[in-house]
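One letter stands for each residue in the lines below.
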Amino acid sequence: MNCKYFGECGACKVYDGGYEHQLSLKLELNQERFKPFYDGNISVFRSPQSHYRSRSEFKIWHVSDDEFYYTMNRMDKEGVVYVDECPQVSQHIAELMPKLLKSIKEYGIGFKLFGVDFLSSTTGEIAVSLLYHKALDSTWSEIAAKMSAELNIYIIGRSRGQKVVIGQDYITESLNINGEEFRFNYIENSFTQPNAKVNEQMIAWALKDLHSLDGDLLELYCGAGNFTIPFAKRFRKVLATEISKSSINAAKANMLLNGVENIEFVRMGVEEFVQALDGVREFNRMREIDLKLYNINTIFVDPPRSGMDESTCEFAARYENIVYISCNPETLARDLVVLCKTHEICDMALFDQFPYTHHAEMGVKLAIKKVKKV
């Protein structure tokens, strides 16, 4: 990828030597980091070298009432960089960016606009969130509706305590996993995997060899069902937990979208779920779930950057098989100190979700250590 803002824009921090060099640096760093736990090969899953981000956010910087620009933070953290293009973003977003800014200026709805968020599917469906430091009135809605029709996009206007939806507030993405199509509704202003091609590879890796595992699946931090729904095709039953109400609602909608019926979603944090599972407390949210019907031998976790705390690691270690996707290798290494007391790593992967940065996502599969016969 070539970008005229390399060295100025803070979005890309590792660009000298090109794509392969930055990827080799990530692999070398993480091979060393995980050497105490695993001496096998780490599978590497590459990203497209440009136009890989289907979700992106830009600030709007005003020079005057009718002159404003997309901006990103500077690499040296001294102010912002005006940008009129970005080779990171999907081709669909890249083509829309100048047209959208021109339309906002021509229709005169740029006053107090401070941010633009883009959400795109691989087929070109786009939702754009316009963020304002002012209330939005009926005139704004009428203009936004015209822009929506002209640009063939959905527009969501946001200001403090206000959300105005023109069309709809989500796009529908199709992922191809091992030749099978899965569809997901992605809602604006909620978490989605930003790199669709790497996401497909990540799900496919997580599914690999699952057919040989017996029993049912427990998933913690299930989000909107990105992994859950493909997993449901491999397990008899799936029990999935997530603390976010909006994510659980999205996960249930995505389950219906894919015609899946063998998942039970629970809106509950990990600590409460463990209490329910161990019979320490009873929860109304669990009253319709009969835990006795489950035979869980495998647990899947995809925690936030903070990873899992020690008690959650000890809970995960109850299960014979553990599949762990991590967006922070540092906290993964910390958690493996606990998990590798009882389990050993069978497979490990690096997913280049964010090229030209230091960030890498890791996948680990663990199985319980077998007792050696004397």
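The structure we're discussing is the one just above.
Below: a short report on this structure. Predicted, not measured: the structure shown is a model, and the values here were computed from it.

On to the packing of helix H2 (residues 91–107) against helix H3 (residues 138–151). The interhelical angle for the contact between H2 and H3, taken along N-to-C directions, is 150 degrees, at an axis separation of 11 Å. Put simply, H2 runs roughly antiparallel to H3. Classified by chirality, the crossing of H3 by H2 is right-handed. Across from Leu-96, Lys-99, Leu-100, Ser-103, Ile-104 and Tyr-107 in H2, the residues of H3 making contact are Ile-143, Lys-146, Met-147, Glu-150 and Leu-151.

In this structure, Leu-218, Ile-299, Leu-336, Leu-339 and Met-348 are the most contacted members of the largest nonpolar core, which totals 45 residues. Looking at this core element by element, the count peaks at five residues for helix H9 (residues 329–339). Discounting chain neighbours no more than four positions away, the residues touching Met-348 are Phe-34, Tyr-38, Asn-41, Ile-42, Ser-43, Trp-205, Leu-336, Met-362, Gly-363 and Val-364.

On to the sheet that holds strand S1 (residues 42–45). Strand pairing in a sheet relies on backbone hydrogen bonds, with the paired strands running either antiparallel or parallel. Strand order in this open sheet of eight strands is S1-S16-S17-S15-S14-S11-S12-S13, and the pairing throughout is mixed. Looking at which strands have only one partner, the edges of the open sheet turn out to be S1 and strand S13 (263–267). Averaged over all neighbouring strand pairs, the angle between strand axes comes to 15 degrees, with direction disregarded. For strand S14 (residues 296–301) and strand S15 (residues 321–326), the ladder comprises four bridges, and the chain directions are parallel. Looking at the pairing, Thr-298 lines up with Asn-321 of S15. The sheet contacts of helix H1 (residues 18–33) involve S1, strand S16 (343–351) and strand S17 (361–368), and relative to S1 the element is tilted by about 155 degrees.

Before going further, it helps to examine the environment of Met-308. With respect to the element layout, Met-308 can be found in the loop between S14 and helix H8 (310–316). Considering only alpha carbons, one finds Met-308 and Ser-326, 18 residues apart in sequence, at a separation of 9.9 Å. When near neighbours in sequence (up to four residues on either side) are disregarded, Met-308 contacts Tyr-221, Val-301, Pro-303, Cys-313, Ala-316, Tyr-324, Arg-334, Asp-335 and Leu-339.

The next subject is a nonpolar patch on the surface. Nonpolar side chains collect at one region of the surface, where Trp-61, Val-63 and Tyr-82 lie side by side and expose about 300 Å² of accessible area between them. Residue classification places Trp-61 among the partly exposed residues on the basis of a relative accessible area of 42%.

Here the focus is the pattern of salt bridges. A full pass over the atoms with the stated rule returns 16 salt bridges. For Lys-26, the salt bridge identified is with Asp-352, shortest N-O distance 2.5 Å. Residue Lys-26 is found in helix H1, and its partner Asp-352 is found in the loop between S16 and S17; the two are separated by 326 residues along the sequence. Residue Asp-352 is classed as buried on the basis of its relative accessible area of 0%. The shortest N-O distance in the salt bridge between Asp-216 and Arg-236 comes to 2.7 Å. Linking Asp-216 in strand S11 (residues 216–220) with Arg-236 in the loop between helix H5 (228–232) and strand S12 (238–242), this pair joins segments that are 20 residues apart in sequence.

Three or more residues of helix H7 (residues 270–277) are buried, namely Val-270, Phe-273, Val-274 and Ala-276. All buried residues of H7 fall inside an arc of 160 degrees around its axis, so they share one side. Directly after H7, the chain includes Gly-279, whose backbone phi takes a positive value near 75 degrees.

Moving on, we come to a negative patch on the surface. Negative charge collects at one region of the surface, where Glu-271, Asp-309, Glu-310 and Glu-314 lie side by side. With respect to the secondary-structure elements, Glu-271 resides in helix H7.

Let's shift gears to the pairing of S17. Here S17 lies mainly inside the structure; seven of its eight residues are buried. Direction of pairing for S15 relative to S17: antiparallel, over a ladder of six bridges. Residue Ile-322 lies in a different strand from S17, and its bridge partner there is Leu-366.

Once that is clear, we can look at H9. By the criterion of burial, H9 is predominantly enclosed, with eight of the eleven residues buried. Those residues of H9 that sit buried are Pro-329, Thr-331, Leu-332, Ala-333, Asp-335, Leu-336, Val-338 and Leu-339. If you follow the buried residues of H9, they end up packed against H1, H8, S15, S16 and S17. Its side-chain oxygen placed 3.1 Å from the backbone nitrogen of Glu-330, Asn-328 serves as the N-cap of H9.

Most of strand S6 (residues 126–132) is tucked away, with seven of its seven residues classed as buried. Where burial is concerned, the two faces of S6 agree: the one with Ile-126, Val-128, Leu-130 and Tyr-132 and the one with Ala-127, Ser-129 and Leu-131 are both buried. Counted between consecutive antiparallel strands, the loop separating strand S5 (residues 113–120) from S6 contains five residues, among which Gly-124 sits at a positive phi close to 105 degrees. Judged from the five bridges that link them, S6 and strand S7 (residues 154–159) form a sheet pairing that is parallel. The partner of Ala-127 across the bridge, within S7, is Tyr-154.

Thresholds, definitions, all that
- Residues numbered from 1 in each chain as written.
- Predicted model: local features only at pLDDT ≥ 70, side-chain atom pairs only at ≥ 80, totals over all residues.
- Heavy atoms only, no water.
- Axes fitted to C-alpha atoms, helices over the stretch in contact; angles between N-to-C directions.
- Helix = DSSP H or I, 4+ residues; strand = E, 2+ residues; numbered from the N terminus.
- Parallel < 35°, antiparallel > 145°, perpendicular 65-115°, else oblique.
- Left-handed = near helix turned anticlockwise from the far one by under 90°.
- Contact = heavy atoms within 4.5 Å.
- Core = buried A, V, L, I, M, F, W, Y, C linked by side-chain atoms within 4.5 Å.
- Buried < 20%, exposed > 50% of the residue type's maximum accessible area, 1.4 Å probe, protein only.
- Pairing = 2+ DSSP bridges.
- Patch = residues over 30% accessible without salt bridge, like charges linked within 9 Å, V, L, I, M, F, W, Y side chains within 5 Å.
- Areas by Shrake-Rupley, 256 points an atom, 1.4 Å probe, with all protein chains shown as cover.
- Salt bridge = Lys/Arg side-chain N within 4 Å of Asp/Glu carboxyl O.
- Arc of directions from axis to C-beta.
- Lys, Arg positive; Asp, Glu negative; His and termini not counted.
- Charge placed at Lys NZ, Arg CZ, Asp CG, Glu CD.
- Polar contact = N/O pair within 3.5 Å; in protein donor to acceptor, adjacent residues only side chain to side chain.

Shape is all these values report; function is a separate question.
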